[in-house]
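Observations on chain architecture
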Amino acid sequence: YQRRVRVRLSIIYESGKDSLGRPIVVIVGSRLPSARPQLDRVFMYLIRVMDKITDNNYVVVYLHTNMEERDSPDISWLKKVYNIIDSKYGDHLSIFYVVHPSFWLKIFEGVLSSIMTNDYFWKKVHYIERLQDIYNNIEHEQLVLPEHVIQYDLKMNGSRSSTSQQTRKFSQPSIIDGDDL
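Notes on the structure follow. All of these numbers come straight from a predicted model, not from anything done at the bench.

**Some remarks on the overall build of the chain**
The helix and strand tally for the chain stands at 6 helices and 5 strands. Expressed as a percentage of its 181 residues, the buried residues of the chain come to 49%. Taking all contacts inside the chain whose residues are at least 6 apart in sequence as the whole, residues at least 24 apart take part in 79%. Working note: accessible area of the chain is about 9600 Å², and carbon and sulfur atoms make up 50% of it.

See below:
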């Protein structure tokens, strides 16, 4: 008896192209599961998404909005993700945007970058405090964001961040399909 469970999570998805025509992969940190078995499924899905687009240059937008230290996956899982991105997909990674980074994340990155010494990867990491800053390189229409990210940016950065110009709403794409994993 084999039980197949369909799981749909809005954690990882493709979202248009940046101003240079590179595909954008969005990772919603606040939707990462806390249990290791689900994290491993997310990891496998990440590989599937990346395998489709990483023959050419691409961009990652990691949304750290509303994340706290206790919400973050354990260090071994993060190291596994880093190792696969760095070794298998790093050559074509153009930019790794981190939107709304927390103080803890910046400290963690500092520690992690001293342990994992590939400066080539860390030079691609760009912290984005305001959505307006990412819209200098990615048109609003190309970057589909969850509503909570837009609302957080409006609250923290006010109308000057131009998030009110967001024209596409987040539409819960099918991200992880348990039948396909």
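**Details of unusual backbone geometry**
The phi angle at N66 is positive, at roughly 65 degrees, despite the residue not being glycine. Mapped onto the fold, N66 is located in the loop between β3 (58-63) and α2 (75-89). Unusually for a residue other than glycine, H100 sits at a positive phi of about 55 degrees. Position of H100 relative to the elements: it lies in the loop between β4 (93-99) and α3 (103-115). Classification of H100 by relative accessible area gives buried; the value is 5%.

**Let's talk about helix α6 (residues 147-157)**
Every buried residue of α6 is accounted for by V149, I150, D153 and N157. The arc enclosing the buried residues of α6, seen along the axis, measures out at 100 degrees, which places them on a common side. In this structure, the buried side of α6 is in contact with β3 and α5 (131-134). Phi turns positive, to about 70 degrees, at G158, one or two residues after α6.

**Here's the deal with the packing of helix α1 (residues 36-53) against α2**
Running from N to C, α1 and α2 point in directions that differ by 10 degrees, and their axes come no closer than 11 Å. Of the possible angle classes, the one that applies to α1 and α2 is roughly parallel. α2 is crossed by α1, and the crossing has right-handed handedness. Together, R36, L39, D40, V42, F43, L46, I47, M50 and D51 of α1 and S76, W77, K80, V81, I84, K88 and Y89 of α2 make up the contact between the two elements. Its residues assigned to classes, the contact of α1 with α2 comprises 10 nonpolar, 1 polar and 5 charged.

**Details of the sheet that holds strand β2 (residues 23-28)**
In sheet architecture, strand pairing relies on hydrogen bonds along the backbone and comes in two forms, parallel and antiparallel. One open sheet holds the 5 strands; their spatial order is β1-β2-β3-β4-β5, and the pairing between them is mixed. Whereas interior strands pair on both sides, the edge strands pair on one side only; in this sheet they are β1 (12-17) and β5 (125-128). Each strand axis lies, on average, 25 degrees off the axis of its neighbour in the sheet, ignoring direction. Pairing geometry for β2 and β3, over 5 bridges, is parallel. Considered in β3, the bridge of I27 is made with Y62.

**Considering α1**
With 18 residues, α1 should reach 26 Å at 1.5 Å per residue; the first-to-last C-alpha distance of 26 Å fits that figure. Residues of α1 that are buried include every one of L39, V42, F43, Y45, L46, I47, V49, M50 and I53, and no others. Along its buried surface, α1 packs onto β1, β2, β3 and α2.

**Focus: the nonpolar core**
I12, V25, Y58, V60, F96 and F121 are the most contacted members of the largest nonpolar core, which totals 31 residues. Broken down by secondary-structure element, the contributors of at least two residues to this core are β2, α1, β3, α2, β4 and α4 (119-122). Top contributing element to this core by residue count: α1, with 9 residues. In this structure, F121 is in contact with Y82, I85, D86, L93 and F96, ignoring residues within four places of it in sequence. Y13, I95, I128 and L131 belong to the second largest nonpolar core, which has 20 residues in total.

**Description of the pairing of β2**
Of all 6 residues in β2, 6 are buried; the element is thus mostly enclosed. Of the two faces of β2, the one lined by P23, V25 and I27 and the one lined by I24, V26 and V28 are each fully buried. In this structure, β1 lies alongside β2, joined through 4 bridges in antiparallel fashion. By the bridge assignment, E14 is partnered in β2 with V25.

What counts and how
- Residues numbered from 1 in each chain as written.
- Predicted model: local features only at pLDDT ≥ 70, side-chain atom pairs only at ≥ 80, totals over all residues.
- Heavy atoms only, no water.
- Helix = DSSP H or I, 4+ residues; strand = E, 2+ residues; numbered from the N terminus.
- Buried < 20%, exposed > 50% of the residue type's maximum accessible area, 1.4 Å probe, protein only.
- Contact = heavy atoms within 4.5 Å.
- Areas by Shrake-Rupley, 256 points an atom, 1.4 Å probe, with all protein chains shown as cover.
- Arc of directions from axis to C-beta.
- Axes fitted to C-alpha atoms, helices over the stretch in contact; angles between N-to-C directions.
- Parallel < 35°, antiparallel > 145°, perpendicular 65-115°, else oblique.
- Left-handed = near helix turned anticlockwise from the far one by under 90°.
- Nonpolar A, V, L, I, M, F, W, Y, C, P; charged D, E, K, R; others polar.
- Pairing = 2+ DSSP bridges.
- Expected span 1.5 Å × (residues − 1).
- Core = buried A, V, L, I, M, F, W, Y, C linked by side-chain atoms within 4.5 Å.

The analysis is restricted to geometry; functional conclusions fall outside its scope.
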